[in-house]
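Residue-level structure breakdown
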Amino acid sequence: MALVVQKFGGTSVGDPDRIRNVARRVVETARAGNQVVVCVSAMAGETDGLVALGQDLGEGDPTPREYDVLLATGEQKTIALLAMAIHRLGHDAESLTGWQLGMRTDASHNRARIQEIDCGRLRAVLDRGAVAVVAGFQGVDDDRNITTLGRGGSDTSAVAVACALGADVCEIYTDVDGVYTTDPRMVPSARKLARISFDEMLEMASLGAKVLQVRSVKFAKRYGVPIHVRSSFHSAEGTWVTREEDVMERLVVSGVTYNRDEAKITFRKVEDQPGVAGRIFDPLSEAGIVVDMIVQNLSSDGTTDMTFTVPVGDYANALKLAQDAAAGLGAEVEGDDAIAKISVVGLGMKDHAGVANRMFNVLAEEGINIQMISTSEIKISVIIQEKYTELAVRALHDAFVDAGGDEPREEG
Ligand code: ADP
Ligand code: ASP
Ligand code: MG
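The structure contained in this document is the topic of the report that follows. As the structure is a prediction and not an experimental result, all values here were calculated from the model. (Residues numbered from 1 in each chain as written. Chains lettered and ligands numbered in written order. Predicted model: local features only at pLDDT ≥ 70, side-chain atom pairs only at ≥ 80, totals over all residues. Heavy atoms only, no water.)

Brief notes about the nonpolar core
Core analysis: the largest hydrophobic core is formed by 48 residues, its most contacted members being Val 5, Val 37, Leu 122 and Met 201. Not counting residues up to four positions away in its chain, the partners in contact with Val 5 are Val 37, Ala 158, Val 161, Ala 162, Ala 167, Val 169, Cys 170 and Glu 171. Among the nonpolar cores identified, the runner-up in size contains 25 residues, and Met 186, Val 252, Val 256 and Phe 400 belong to it. (Core = buried A, V, L, I, M, F, W, Y, C linked by side-chain atoms within 4.5 Å. Buried < 20%, exposed > 50% of the residue type's maximum accessible area, 1.4 Å probe, protein only. Contact = heavy atoms within 4.5 Å.)

And the structure:
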């Protein structure tokens, strides 16, 4: 008997018929002799609607605690409906909110991190042969306040439950057939990957491929639980996210991603002295703003320019803090939120040269200017003007993935 965690996203539970379809799949898995935990998102559009209501009543700055109480209602609705649909099929099921299942998180509202899952209640439900229907995206802090895990957080709830229970697999059912070489909704020629390593998936998720929330992949990697991303509309195999040793195809570039959710802030004419970077970044870190790319120019006349990116949701706050810091430093500040980060990711980059310059040439041929560059062992990212996002993704996908054979030379 296997222990399977199945997660169904918003589109997959988007209306009553789809919930019935999910109930059938879950019951099939259970009747095949497996123990099943099913973790669900809010119905499609529900969280967006709650966000809009909260922003309206909270006048753009809703109280974080109450905002989480509100957002968590979306998933509570789905667990009740799915449990009822499973009952109609003659199978036992019990719905559990984050609090009931003991999903303990830290206290950072709207972006809480899971600390511990008390598996007692879950085990009791499974031991009596019932399906546990778990609310994704929500938890509870030490003071019993409801918390949420950030957009897309149900992936993380599901994988964390799978890790805590030592499940054999975590299946992520969604509205595409698996993990593709790029967003299949933007590039129709995108190809489904049979397997992808945890590290490549971590990079792709953190660089914008929203098919999995990045923290879900971190959990899976740490505990070695394989993730199977697949369609909720048919039963074909999807993509296995797994250990590097289990990935046969070591592609130079396995994916192209985009992220339009960052903004850029530039300090000009900053004095080139020890301690200046601290004065710029300390206030941002105190405000809990996560800085992503940072580029500093070489100084010429004793001053330098420094540019960095922040999540677009923190842009207004970050710009204000930057302006305050600049006033004290005698520097100037500029901001731009119409940018996109485009990245190419692949394990094979570790032993291939020439990926970066090929990427720059492809963008140049399309007349796209590169504003910032950052690299790691298995990825190269550039910041460009947002309006060129689609053009850049298509051109890079054509060059690196569709072209296949025309790859950069192998080193050595
Ligand atoms: P769910 O509601 O099931 O959690 P999401 O909308 O969060 O689904 O994630 C699935 C979406 O991720 C797809 O519809 C697709 O547009 C997008 N996506 C972006 N990049 C990729 C990729 N590389 N492979 C697959 N899907 C991707
Ligand atoms: N319902 C939440 C969202 O829309 C969590 C999720 O679907 O993963 O972001
Ligand atoms: Mg999602």
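As for the sheet that holds strand E10 (residues 195-197)
The strand order across the open sheet built from 8 strands is E3-E6-E2-E1-E9-E11-E12-E10, with neighbouring strands paired in mixed fashion. In this open sheet, the two edge strands, each paired with only one partner strand, are strand E3 (93-96) and E10. Between one strand axis and the next, the sheet turns through 20° on average, direction left out of account. As judged from the 5 bridges shared by strand E9 (residues 169-174) and strand E11 (residues 227-231), these two strands associate in the parallel manner. Each bridged residue has a counterpart across the sheet, and for Thr 174 the counterpart in E11 is Ser 231. Each of strand E1 (3-8), strand E2 (35-40), E9 and E11 is contacted by helix H6 (residues 154-165), which is oriented at about 175° to E1, the strand it contacts most. (Pairing = 2+ DSSP bridges. Helix = DSSP H or I, 4+ residues; strand = E, 2+ residues; numbered from the N terminus. Axes fitted to C-alpha atoms, helices over the stretch in contact; angles between N-to-C directions.)

Side note on the pairing of E2
Across the 6 residues that make up E2, a large majority, 6, are buried. Neither face of E2 is open: one carries Gln 35, Val 37 and Cys 39, the other Val 36, Val 38 and Val 40, and all of them are buried. Taken together, the 6 bridges between E1 and E2 define a ladder with parallel strand orientation. When the bridges of E2 are listed, Phe 8 appears paired with Val 40. In terms of strand pairing, E2 meets strand E6 (residues 131-135) through 4 bridges, oriented parallel. Residue Val 37 lies in a different strand from E6, and its bridge partner there is Ala 132.

Comments concerning the sheet that holds strand E13 (residues 255-259)
Strand order in the open sheet formed by 4 strands is E13-E18-E20-E19, and the pairing between neighbours is antiparallel. Each edge of the open sheet is held by one strand with a lone partner, namely E13 and strand E19 (372-376). For this sheet, the mean angle separating the axes of adjacent strands, direction not counted, is 20°. As paired strands, E19 and strand E20 (residues 379-385) are joined by 5 bridges and run antiparallel to one another. Residue Met 372 lies in a different strand from E20, and its bridge partner there is Ile 383. Those strands touched by helix H7 (residues 198-206) are E13, strand E18 (339-345), E19 and E20, and its axis lies near 170° from that of E18. Across the sheet, helix H12 (residues 389-402) lies against E13, E18 and E20, angled at about 10° from E18, the strand it touches most.

Overview of the site of ligand 2
Around ligand 2 lies a shell formed by Ser 41, Ala 42, Thr 47, Glu 75, Phe 137, Arg 151, Gly 152, Gly 153 and Ser 154. The contact in question runs from an oxygen atom of ligand 2 to an N or O atom on the side chain of Ser 41, over 3.0 Å. Within the side chain of Thr 47, a nitrogen or oxygen atom sits 2.8 Å from a nitrogen atom of ligand 2. Broken down by class, the residue content of the shell around ligand 2 amounts to 2 nonpolar, 5 polar and 2 charged. (Near = heavy atom within 4 Å. Polar contact = N/O pair within 3.5 Å; in protein donor to acceptor, adjacent residues only side chain to side chain. Nonpolar A, V, L, I, M, F, W, Y, C, P; charged D, E, K, R; others polar.)

Looking at the pattern of salt bridges
The full count for this structure, using the stated rule, is 24 salt bridges. Here Lys 341 makes a salt bridge to Asp 292, at a shortest N to O gap of 2.5 Å. Placement of Lys 341 in strand E18 and of Asp 292 in the loop between helix H9 (276-286) and strand E15 (294-296) is noted, with a sequence separation of 49 residues between them. Residue Asp 292 is classed as partly exposed on the basis of its relative accessible area of 37%. A cluster of three or more residues bridged by salt bridges with shared partners is formed by Asp 92, Glu 94, Arg 121 and Arg 128. (Salt bridge = Lys/Arg side-chain N within 4 Å of Asp/Glu carboxyl O.)

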